[in-house]
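Summary of structural features
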Amino acid sequence: MFASKRLQKELSKMQGKLPPGIEVVKAEDFSEWLMDIKVVDSNPLYAGETYRLKFAFSSNYPIEAPEVVFVQTTDRPIPWHPHIYSNGIICLDLLDRQGWSPVHNVESICVSLQSMLTSNTKKERPPGDENFVRYNTQRPRDISFVFHDNQV
């Protein structure tokens, strides 16, 4: 109940008032939303690209972080980044149980991901990407990432 009220409030606030490069694609219910983000600066790694994010909300949102992943479509690739796995899972402390705070919301997550992409200079995947993608069976919110690199 609390999650749906909070999400309704967020959606109302976002209607027509999102930062540049962020767009609501689908928000028909309070369990899953799709958002598109673009890097709006001149970072050549992401020029002309648009990326799709899938937000999955539990009934405990915003106490519990949403599950956020990049999803690939025919015209929306998974961005290359040292903290984004090729299956779309994102290694970002903001989305982790310890890093999450209920003051965050869908918009702030999108802005954080835009910033993460904007500051990146390496077109690469995280170390061990292939094995992680092949063998990981955990949901993104249940993965315990070790956050040691805030340089990208």
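The rules behind the values
Residues numbered from 1 in each chain as written. Predicted model: local features only at pLDDT ≥ 70, side-chain atom pairs only at ≥ 80, totals over all residues. Heavy atoms only, no water. UniProt positions renumbered as here; feature names shortened; annotations may be inferred. Helix = DSSP H or I, 4+ residues; strand = E, 2+ residues; numbered from the N terminus. Rg over C-alpha atoms; globule rule 2.2 N^0.38 Å. Buried < 20%, exposed > 50% of the residue type's maximum accessible area, 1.4 Å probe, protein only. Areas by Shrake-Rupley, 256 points an atom, 1.4 Å probe, with all protein chains shown as cover. Lys, Arg positive; Asp, Glu negative; His and termini not counted. Charge placed at Lys NZ, Arg CZ, Asp CG, Glu CD. Pairing = 2+ DSSP bridges. Axes fitted to C-alpha atoms, helices over the stretch in contact; angles between N-to-C directions. Contact = heavy atoms within 4.5 Å. Salt bridge = Lys/Arg side-chain N within 4 Å of Asp/Glu carboxyl O. Phe/Tyr/Trp six-rings, centres within 6.5 Å; stacked < 30°, edge-to-face > 60°. Lys NZ or Arg CZ within 6 Å of the ring centre and 35° of its normal.

The chain carries the name Ubiquitin-conjugating enzyme E2 2 in an unreviewed UniProt entry, which gives Lojkania enalia as its organism. According to the UniProt record, the Sequence similarities (unreviewed entry) comment for the chain reads "Belongs to the ubiquitin-conjugating enzyme family."

So, about the overall build of the chain. Check the secondary structure of the chain and you find three helices and four strands. In the chain, the order of α-helices and β-strands from amino to carboxyl end is α-β-β-β-β-α-α. Here the chain has a C-alpha radius of gyration of 15 Å; the compact-globule value for 152 residues is 15 Å, and the two agree. Across the 152 residues of the chain, 45% fall into the buried class. Carbon together with sulfur atoms contributes 50% to the accessible area of the chain, which is approximately 8500 Å² in total. Charged side chains of the chain number 17 positive and 19 negative; the gap between the two group centres comes to 4 Å.

In this section: the sheet that holds strand E3 (residues 51-56). A sheet is described by the order of its strands in space; here four strands give the open sequence E1-E2-E3-E4, paired in antiparallel fashion. Sheet topology places strand E1 (22-26) and strand E4 (67-71) at the edges, where each strand pairs with a single neighbour. Between one strand axis and the next, the sheet turns through 30° on average, direction left out of account. Two strands pair when backbone bridges link them, and strand E2 (residues 32-37) and E3 are joined in this way by six bridges, in the antiparallel orientation. By the bridge assignment for E3, Met35 is matched with Leu53. Contacts between helix H1 (residues 2-14) and the sheet are confined to E1 and E2, with E2 contributing the most and set at about 30° to the helix.

On inspection of all chains with the given rule, the structure shows five salt bridges. The salt bridge involving Arg52 is made with Asp36; its shortest N-O contact spans 2.5 Å. Highlighted residues: Arg52 in strand E3 and Asp36 in strand E2, separated in sequence by 16 residues. Like Asp36, Arg52 is buried. You can call Asp36 buried: its relative accessible area is 5%. Taken together, the salt bridges that share partners define one network made up of Asp36, Arg52, Asp75 and Arg76.

The two faces of the sheet receive side chains in turn, since in a regular strand these alternate between them. In terms of strand pairing, E1 meets E2 through four bridges, oriented antiparallel. Note on E2: the bridge partner recorded for Ile22 is Ile37. A loop of five residues connects E1 with E2, the two strands running antiparallel in sequence.

All right, on to the UniProt feature "active site" (unreviewed entry) in the chain then. The sites that UniProt annotates as "active site" (unreviewed entry) are Cys91. Looking at Cys91, the relative accessible area reads 13%, which means it is buried.

All chains considered together, the criterion is met by seven aromatic pairs. Measuring from centroid to centroid gives 6.2 Å for Tyr51 and Phe70, while their planes differ by 85°, and the two rings are edge-to-face. Separated by 19 residues along the polypeptide, Tyr51 in strand E3 and Phe70 in strand E4 bring together distant segments of the chain. Assessed through its relative accessible area of 3%, Tyr51 is described here as buried. A relative accessible area of 1% means that Phe70 is categorised as buried. A centroid spacing of 5.0 Å and a plane angle of 65° characterise the contact between Phe57 and Tyr61, whose relative ring orientation is edge-to-face. Across this residue pair, the class does not change: Phe57 and Tyr61 are buried. Through pairs of rings, three or more aromatic residues link up here, namely Trp33, Phe55, Phe57, Tyr61 and Trp100. If you follow Arg125 out to its NZ or CZ, it ends over the ring of Trp80, 4.3 Å from the centre.

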